[in-house]
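Topology and contacts: notes
Here is what each chain is made of, one letter per residue.
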Amino acid sequence: MQFVNKNSDTVSTDEFMRRQRQLRRKVNRGAPRLLFKLKSDDGFEIQSHSLQEVWSKVFEEVWLKRVERGILQKSISPADGDLIGGNWRVFSKIDNMNSLKLSGLSFDSLIFLLEQIPSAKFCSKYKFKFFNLKVQPLQINESGCARCEPREDTRTVIGRRDMFSWLSSRNRRKSECNSQSMADLEYQFANLDKRKTTSEYPIQMRYRNLKKTAKQVCAVFKSDIHGRGLYSLQAIFPDEMIIEYTGEIIRAIHTDKRENYYESKGIGCYMFRVDNKHVIDATISGNAARFINHSCQPNCYSRVLVAENRKHIVIFAMRHILRGEELTYDYKFDIEDDSSKLDCLCNSRNCRKFLN
């Protein structure tokens, strides 16, 4: 079989295919190349460094078989343009085909798996879609040796050491809080089993069960208000005990001394006043309650109660609290002059702009 182009002489089929493959073969011989191999059960096999060439050969064989069986006609029509023959015109669309899509390499699920191959990070010209596995160039040490340089602590926040950097792990994800209508909210709380920390039980019984339910109800995550905050893991009823503010009980006269010590060490201070004589220092030995942020429109409140012959500070729910909602209460700091004001970051509707 022969084909005629109006701008060239008559050439055979094999010569025409050879010329087409030479035009498509634009690879760098000095660089490592992938070898694509295609094999079928009927004995057809082809391998090439060009995926386009592999599929071109497949379409070429299919087209020749169709011509051989008489499925396609061999007539030549001048009206078909540069490529002669209406049937050959269909085959000529191979040049515009997407070989990656034909091989399934354009699907995200397959790309996600291929990018996890250990040696994929050495593909310097490839732009990763799901991972960033490219080999980063080594930085040159100014002193010539890494051991001669001081160690940089990345667990710092504005010059202060962050003891709770592990709480910012990207693997710890909080539950999303979805806004619901009042009808859906009432139906949801009506079908929940009430815990023994709700207002239906005596105060002593509620406190004894608080230690069992606190870790199931709330947990610490990155906060939208400031630093880290306490979030609800389950729906909480109004006036339900959530968590106790625990720590070391110290006398009030020692608070200034401890605060200055923590400040010199670059450690954040967490204290809660019980009464005029005693303060709970939760900086070192406290629990998750110390991460509760302030809000001018809170959903919780604190209360001092007597249980087991001792005073305790317990955080209660002020209203219905949805799963994934941040727990906040009003710090109720004393009003001070403008030089000592602390900015409020709660962004609530009735925010007072300052904590004190």
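Treat the numbers as computed from the prediction; the structure is a model and nothing was measured.

With that settled, consider a negative patch on the surface. Residues D334, E336, D337 and D338 make up a contiguous surface patch of negative charge. Among the structural elements, D338 can be located in the segment after strand 16 (326–329). Residue D338 is classed as exposed on the basis of its relative accessible area of 69%.

Spatial ordering of the open sheet is given by 7-8-16-13, a layout of four strands whose pairing is mixed. This sheet does not close on itself; its edge strands, each paired only once, are strand 7 (218–222) and strand 13 (293–294). Relative to strand 16, strand 8 (residues 228–232) runs antiparallel, the two being bridged by two bridges. If you follow Y231 over to strand 16, its bridge partner there is E326. Those strands touched by helix 7 (residues 203–217) are strand 7 and strand 8, and its axis lies near 35 degrees from that of strand 7.

With that settled, the discussion passes to the packing of aromatic side chains. A complete count under the given rule lists nine aromatic pairs for this structure. Between Y245 and F272, the ring centres sit 5.1 Å apart and the planes meet at 55 degrees, which makes this aromatic pair tilted. Of the two residues, Y245 sits in strand 9 (residues 241–245) while F272 sits in strand 11 (residues 271–273), which places them 27 residues apart along the sequence. An identical accessibility class is assigned to Y245 and F272; each is buried. Arranged with centres 5.5 Å apart and planes meeting at 10 degrees, the rings of Y301 and F316 form a pair that is stacked. Within this pair, whereas Y301 is found in strand 14 (residues 300–307), its partner F316 is found in strand 15 (residues 310–317), the two being separated by 15 residues in sequence. According to the relative accessible area criterion, Y301 is partly exposed, its value standing at 25%. Members of the aromatic cluster, joined through ring pairs, are Y245, F272, Y329, Y331 and F333.

Let us now look at the sheet that holds strand 10 (residues 248–251). Taken in spatial order, the three strands make up an open sheet running 10-12-11, and their pairing is antiparallel. Strands with a single pairing partner mark the edges of an open sheet, and in this sheet they are strand 10 and strand 11. Across the sheet, the mean angle separating the axes of adjacent strands is 30 degrees when strand polarity is ignored. Sheet topology note: the strand 11/strand 12 (residues 278–281) ladder contains three bridges and is antiparallel.

Turning next to the side chain of D330. For D330, the location among the structural elements is in the segment after strand 16. Within the structure, the side chain of D330 is placed 3.4 Å from the side chain of H294, a separation counted as a polar contact. A distance of 3.2 Å separates a polar atom in the side chain of D330 from a polar atom in the side chain of R352. If near-sequence neighbours (up to four positions away) are discounted, D330 is found in contact with H294, S295, P298 and R352.

This brings us to unusual backbone geometry. Backbone geometry at N309 places phi at a positive 60 degrees, although glycine is not the residue there. Here N309 is to be found in the loop between strand 14 and strand 15. The class for N309 is exposed, based on a relative accessible area of 81%. Despite not being glycine, N347 has its phi angle at roughly 55 degrees, a positive value. Tracing the sequence through the fold places N347 in the segment after strand 16. Given a relative accessible area of 68%, N347 falls into the exposed group.

Cut-off values and rules
Residues numbered from 1 in each chain as written. Predicted model: local features only at pLDDT ≥ 70, side-chain atom pairs only at ≥ 80, totals over all residues. Heavy atoms only, no water. Patch = residues over 30% accessible without salt bridge, like charges linked within 9 Å, V, L, I, M, F, W, Y side chains within 5 Å. Areas by Shrake-Rupley, 256 points an atom, 1.4 Å probe, with all protein chains shown as cover. Salt bridge = Lys/Arg side-chain N within 4 Å of Asp/Glu carboxyl O. Lys, Arg positive; Asp, Glu negative; His and termini not counted. Charge placed at Lys NZ, Arg CZ, Asp CG, Glu CD. Helix = DSSP H or I, 4+ residues; strand = E, 2+ residues; numbered from the N terminus. Buried < 20%, exposed > 50% of the residue type's maximum accessible area, 1.4 Å probe, protein only. Pairing = 2+ DSSP bridges. Contact = heavy atoms within 4.5 Å. Axes fitted to C-alpha atoms, helices over the stretch in contact; angles between N-to-C directions. Phe/Tyr/Trp six-rings, centres within 6.5 Å; stacked < 30°, edge-to-face > 60°. Polar contact = N/O pair within 3.5 Å; in protein donor to acceptor, adjacent residues only side chain to side chain.

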